[in-house]
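Single-letter residue listing:
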Amino acid sequence: MSGRLKGKIAVVTAAGQGIGRAIAEAFAAEGAVVHASDLDLAKLEGLNAEKAALDVLSNEAVATYAASVGQVDILANVAGFVHHGTVLDCSDKDWDFSFDLNVKSMHRTIRAFLPGMLDRAAEQGSSGSIINLSSGASSLKGAPNRYVYGATKAAVIGLTKSVAADFVARGIRCNAICPGTVRSPSWEARVEDLGRNVGGKDKAMELFVSRQPMGRVGEPTEIAALAVYLAADESAFTTGTAIPIDGGWTL
Ligand code: NAD
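Reference entry: report on the structure contained in this document. Residue positions are counted from 1 within each chain, in the order its sequence is given. Under the rules for a predicted model, residues below a pLDDT of 70 receive no local features and side-chain atom pairs below 80 are neither given nor counted, while totals for whole chains, interfaces and linings still include all residues. Hydrogens are left out, water is left out, and the side-chain values use all remaining heavy atoms of the structure.

### A few points about helix α5 (residues 185-198)
For the α-helix, the turn length of 3.6 residues means that residues three or four positions removed from each other point alike. Every helix listed is a DSSP run of H or I at least four residues long, and every strand listed is a run of E at least two residues long, numbered separately from the N terminus. Given the number of residues in a helix, its expected span is that number minus one, multiplied by 1.5 Å. Taking 1.5 Å per residue as the helical rise, α5 with its 14 residues ought to reach 20 Å, and the 20 Å between its terminal C-alpha atoms agrees with that figure. Exposed residues in this analysis have more than 50% of their type's maximum accessible area, buried residues have under 20%, and partly exposed residues fall in between, with area computed by a 1.4 Å probe over protein chains only. Here α5 has its buried residues at Trp 187, Val 191 and Gly 195. Burial along α5 is one-sided: seen end-on, the buried residues are contained in an arc of 90°. Seen from the buried face of α5, the exposed residues on the opposite side, beyond 90 degrees, are Arg 196 and Asn 197. Any two residues having at least one pair of non-hydrogen atoms within 4.5 Å are treated as being in contact. Where the residues of α5 are buried, they touch α6 (201-210). Count one or two residues on from α5 and you reach Gly 199, which has phi positive near 90°. Taken from the helix axis, the directions to the C-beta atoms give the arc we talk about.

Here is the structure:
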């Protein structure tokens, strides 16, 4: 299928690599005009998109960026960070940083883009779609050494449902995607790190894979396919959901 997002304008944060990049590529392939941003502008090279450096930790940068992009139909909030460890490893600074990047960034972008999304939905009689990256490690499942990460991703689900409830009658849908382990540059780095403690990279890979009953990790394109569905009008009756896509991890 192609052209499922024809006529739509999309914003994707953290589009430089991994899931964000796959989402930006899939949105463009389906005909959307894509505004791709990342902390590191160089990572956006090669994307079929309007490209911009954007640090989602900055209120000012997000507001300025939203003003320059204007009205959009789709906002995909992808930026996120995995802190490794239990409650005993999590300093106040770690807690604050994780919540700032994984949750408050979404508060910032939604506050900045939603007014334009509401206007566009009203003017065009169309619907806007906000897509937030959560995780299986959230309110869906407790995962070892994902203490503050799990707390942030549970908060993302709460934020998603609240936005969905507030704007359901005004043409805006808001859904969360909850992946299991997905191949991405930061995941490869986590495999390397774990490998140092468990006797090698292969053993670490085996541990990640064994969590998922399907016996493999996911690919960013598989997450992007769900994002396209949630962005497109074919999911017009779907809002406030937190959809696992995890090879059976949260079964
Ligand atoms: P990644 O971690 O490999 O890449 C993250 C991207 O975010 C990088 O391009 C980086 O430059 C960018 N970034 C970092 N700080 C930023 C900031 N302040 N402002 C803007 N951009 C910033 O990508 P990934 O592993 O595909 O993860 C993407 C999202 O999916 C995250 O929210 C993550 O929590 C979530 N997720 C990933 C997995 C997985 O296994 N990979 C599983 C569940 C959920």
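From this point, the narrative continues.
### Digging into the sheet that holds strand β1 (residues 9-12)
What the 7 strands build is an open sheet, ordered β3-β2-β1-β4-β5-β6-β7; its pairing is parallel. Whereas interior strands pair on both sides, the edge strands pair on one side only; in this sheet they are β3 (50-53) and β7 (242-245). Ignoring which end each strand starts from, the neighbouring axes of this sheet average 20° apart. Alignment of strand β4 (residues 74-77) against strand β5 (residues 128-133), held across 4 bridges, turns out to be parallel. When DSSP finds two or more bridges between a pair of strands, those strands are recorded as paired. Only the stretch in contact is used when fitting a helix axis, every axis being a line fitted to C-alpha atoms; angles between N-to-C directions are given from 0 to 180 degrees.

### Some remarks on the site of the ligand
Definition of nearness: a residue and a molecule or strand are near each other if at least one heavy atom of the residue lies within 4 Å of the molecule or strand. In the vicinity of the ligand lie 28 residues, with Gln 17, Asp 38, Val 78, Ser 184 and Ser 186 positioned nearest. By the criterion applied in these results, polar contacts are pairs of N or O atoms within 3.5 Å in which, for protein atoms, one can donate a hydrogen and the other can accept it, and in which residues neighboring in sequence qualify only through two side-chain atoms. Separating an oxygen atom of the ligand from a side-chain N or O atom of Asp 38 is a distance of 2.6 Å. In the environment of the ligand, a nitrogen atom lies 3.4 Å from a nitrogen or oxygen atom belonging to the backbone of Leu 54. Each accessible area is a Shrake-Rupley estimate made with a 1.4 Å probe; only the visible protein chains count as cover when residues are assessed. Notes on the ligand: free accessible area 850 Å², of which the protein chains cover 92%.

### Observations concerning the pattern of salt bridges
The term salt bridge refers to a side-chain nitrogen of Lys or Arg lying within 4 Å of a carboxyl oxygen of Asp or Glu. Tallied over the full model, the rule gives 11 salt bridges. Asp 73 is the partner of Arg 120 in a salt bridge, and the nearest nitrogen-oxygen pair spans 2.8 Å. Here Arg 120, found in helix α3 (residues 92-124), pairs with Asp 73, found in the loop between α2 (59-69) and β4; they are 47 residues apart in sequence, far enough to count as distant. The structure contains a network of salt bridges with shared partners spanning Arg 4, Glu 30 and Glu 234.

### A few points about the environment of Leu 57
Within the secondary structure layout, Leu 57 lies in the loop between β3 and α2. For the pair Leu 57 and Lys 104, spaced 47 residues apart in the sequence, the C-alpha separation amounts to 7.8 Å. Beyond its immediate sequence surroundings of up to four residues, Leu 57 is in contact with Phe 97, Asp 100, Leu 101 and Arg 108.

### Looking at the nonpolar core
Working definition of a nonpolar core: buried Ala, Val, Leu, Ile, Met, Phe, Trp, Tyr and Cys residues. They are joined through side-chain atoms within 4.5 Å. Grouped together as the largest cluster of nonpolar side chains are 32 residues, with contacts concentrated most on Leu 5, Val 12, Ile 23, Phe 27, Val 34 and Ile 177. Those elements that provide at least two residues to this core are β1, α1 (18-29), β2 (33-38), β4, β5 and α7 (220-231). When near neighbours in sequence (up to four residues on either side) are disregarded, Leu 5 contacts Phe 27, Glu 30, Gly 31, Ala 32, Ile 74, Val 228, Ala 231 and Ala 232.

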